Amino acid sequence: MKLIEVSLLLLSLQKAYILAFSVKATISKTRASQQSASLLATKSPFTFENPFASFMDFLQKDSSPSFPINKSSDQETVESFIESLNLRRDPADLLTFFDEDIQFVDAAFYNPIIGKEKLLRHFYLNKGSTPLSTLSSNSGINIVVDDIVASGQSTSDDNANVCVLYHLEKDGTRVNDSTAISFYSLKNNLISQVLDVTEPASPKPGDRGLKLLKSVSSIIGDESIVLKDEGSTDPQRSSVEGYFDAWNKRDMKMAASLFTNDCSVRDFQYDGTFSGRDELEAHLQRVNDSLPRSFNFVIDGMASTDKKAGVLWHVENNGKPLAFTRGCSFYSLDYKSGLIKTGYDIPEKAPPKLGAFKTVLSKFEDEPIRALPAFLWVAYMYILFISDGILPGANALQLEQRTWEEVRDLSLNFFLVSPILNLPFAPVVHPMLEGVFNLLLAWAAMFAGFLSDERRNKPNLLPFGPILVGMQFLTSGFLLPYLFTRSRETAYEVYKDDIDGELQAKLGEWRPLGVMLGSIGTVSIAWGLFGRPEFGEFNERYQSFIDLLSIDRVGSSFLVDLAIFAGFQGWFIDDDLQRRGVQSDEETMLRNVGKYVPFFGLAYYLTFRPGLSASP
């Protein structure tokens, strides 16, 4: 009878517990919905156990308590950031999760990103290169959280830490070699520091990577940023901290004893999983033999509970941090013993770091036609500077005196000001060569009408302003790489104020630009045909010009540049009309003249295209 009464009592307690839990969950859900949507693409590892079962487990003392019901606001900030990445939110919206002085380290790139403005540029430029550098809109890839741990509460004085173990999935299928760990520090509920490391591609480096690090440890220094937790630490030493301490003392038996007998550890420097304490100890001993005794692993920050821990660390050699040796680890702990049950260790990838390469590669994947200017640029640079026999004259690397004198003389006659004014220092150069040279420079300057291609929310790997200046010296040598690395235009409404820099905005939208440069080009053509009468009539000067080109590398390259400009001036037109609100089937005549009529068509387009309006 008493057993029945106890059962009824426990059942009543369970119902009361469930009711209280439901009310609290409803309130939490309402609050959470006001801050952000649920993590649509994130598989949360957090599940709540039946409270009655938890109560019975506590009585029986054979299981750990359930996960806490409430997440910290700092954890919610990180989860919302990941959700926003999966939802392909605009990078400007992503900045709301970050502190003004954010230190963002994506280990796929060499340099840390410091400050929100630089982070915004990084997000826009490197979309699709790595998960935390924003995901491309058409990739089908999402971040899937495997586990997460948070500790501390961020304030203006104290940091909170959050560590996330995740992988990538494409259209619901796991992406190979995509396991990653990111470690966040937050201040005032804003992310102030990030380190993100991803597992190396298969086959894993194994002992080779460690031995290479050992061999170069005496010559590499600290060229990276070490993120350190400035918050308080738990005064009670955990098994995770004890493991790092034992490792640094080279006591691998002690280090392995801090894991459960049936532990499972993934060191992503190696293929496969190390199962059981004995196998783990053998692995630790092998790693120990591959590294010098002067190496120590230093914990920079921890996010931990009684069930799991995330660790941010780096390697030091004789007390000095080593470049490219940061890493993150994620451990689950046995609640009863405090020993480590599972572990994931991911070191920072050693150079070469491929983040920037993947950024460029993603542009070719989105628009394969970019391969055309890329191929032409390689051919152009080889033919102009290195090859012998393809173009007449000596290659540029021979530093032929006559070539440099010709370049000097043409520069002095820039835009024909000196010869037209008959200035005493104006050198005498073949008028057709002068005409071609100045026509080419006027054409190159006309691309300034597309300065709206560079904006705060559309930065380019090669900033367009310096590219325009470079085109006055090496024309296609600067234009072609810009074409195959520039960011894709996605905006359908751009304002004049969006252009980077007041001068750039005025110059890029200056209506007389096309007329002025078109006039300079016209004068250059006329000068080539009729200037300097001493060079004779058309037939005579044309023949002497052909004779000059037969031995002149510089003059021959000008003709190549004219052909390249004619072929690629139209690459800017469609995007330029798009950001002016013109649909693809509108302004057909203006569009076609600008794209297909060399030089004068571009001058006409810049003169009669719709203007950008001022921001409302």
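Our subject is the structure listed above.
The notes below deal with the structure included here. The shown structure was predicted, so the numbers you read here are calculated from the model rather than taken from an experiment. (Residues numbered from 1 in each chain as written. Predicted model: local features only at pLDDT ≥ 70, side-chain atom pairs only at ≥ 80, totals over all residues. Heavy atoms only, no water.)

## Digging into the packing of aromatic side chains
Now for step 1: What the rule picks out here adds up to 32 aromatic pairs.
Now for step 2: Aromatic pair Y110 and F324: ring centres 6.1 Å apart, planes at 80 degrees, arrangement edge-to-face. With Y110 in the loop between β1 (98-106) and β2 (113-114) and F324 in the loop between β12 (320-321) and β13 (327-333), this residue pair connects regions lying 214 residues apart in the sequence.
Now for step 3: Given a relative accessible area of 36%, Y110 falls into the partly exposed group.
Now for step 4: Consider the rings of F599 and F600, whose centres lie 5.0 Å apart with planes at 85 degrees: the pair is edge-to-face.
Now for step 5: Of the residues examined, F599 reaches a relative accessible area of 3% and is grouped as buried. (Phe/Tyr/Trp six-rings, centres within 6.5 Å; stacked < 30°, edge-to-face > 60°. Helix = DSSP H or I, 4+ residues; strand = E, 2+ residues; numbered from the N terminus. Buried < 20%, exposed > 50% of the residue type's maximum accessible area, 1.4 Å probe, protein only.)

## Notes on unusual backbone geometry
Now for step 1: Here the bond from S202 into P203 is cis, since omega is -5 degrees, no more than 30 degrees from zero.
Now for step 2: Among the structural elements, P203 can be located in the loop between β7 (190-198) and α6 (207-216).
Now for step 3: With an omega dihedral of 5 degrees, the bond running from P351 to P352 counts as a cis peptide bond.
Now for step 4: Its identity as a non-glycine residue notwithstanding, R250 has a phi of 60 degrees, on the positive side.

## Observations regarding the side chain of D147
Now for step 1: Assignment of secondary structure puts D147 in strand β3 (residues 141-151).
Now for step 2: On the accessibility criterion, D147 (16% relative accessible area) is buried.
Now for step 3: Within the local environment of D147, its side chain forms a polar contact with the side chain of K308, the two groups lying 2.8 Å apart. (Polar contact = N/O pair within 3.5 Å; in protein donor to acceptor, adjacent residues only side chain to side chain.)

## A look at the pairing of β13
Now for step 1: With respect to burial, β13 is a largely interior element, 7 of its 7 residues being buried.
Now for step 2: Of the two faces of β13, both are covered, the one formed by G327, S329, Y331 and L333 as well as the one formed by C328, F330 and S332.
Now for step 3: Sheet analysis places strand β11 (residues 308-317) next to β13, joined by 6 bridges and oriented antiparallel. Counterpart to W313 in the pairing with β13 is G327.
Now for step 4: Note: β13 against strand β14 (residues 340-347), 7 bridges, orientation antiparallel. The residue bridging F330 from the neighbouring strand is Y344, located in β14.
Now for step 5: If you look at the hairpin formed by β13 and β14, you'll find 6 residues sitting between the two strands, and G338 has a positive phi there, around 80 degrees. (Pairing = 2+ DSSP bridges.)

## Observations regarding helix α23 (residues 600-608)
Residues three or four positions apart in an α-helix share a direction because the helix packs 3.6 residues into each turn.
Now for step 1: Every buried residue belonging to α23 is among G601, L602, A603, Y605, L606 and T607, and all of these are buried.
Now for step 2: Residues of α23 that are buried in the fold lie against α14 (431-446), α18 (513-530), α21 (573-578) and α22 (588-596). (Contact = heavy atoms within 4.5 Å.)

## Overview of the packing of helix α12 (residues 401-412) against helix α20 (residues 553-568)
Now for step 1: Two elements in contact, α12 and α20, have axes whose closest approach is 9 Å; the angle formed by their N-to-C orientations is 55 degrees. Between α12 and α20, the angle is such that the two are oblique. Listed contacts from α20 to T403, E406, V407 and L410 of α12 are V554, G555 and F558.
Now for step 2: Its residues assigned to classes, the contact of α12 with α20 shows 4 nonpolar, 2 polar and 1 charged. (Axes fitted to C-alpha atoms, helices over the stretch in contact; angles between N-to-C directions. Parallel < 35°, antiparallel > 145°, perpendicular 65-115°, else oblique. Nonpolar A, V, L, I, M, F, W, Y, C, P; charged D, E, K, R; others polar.)

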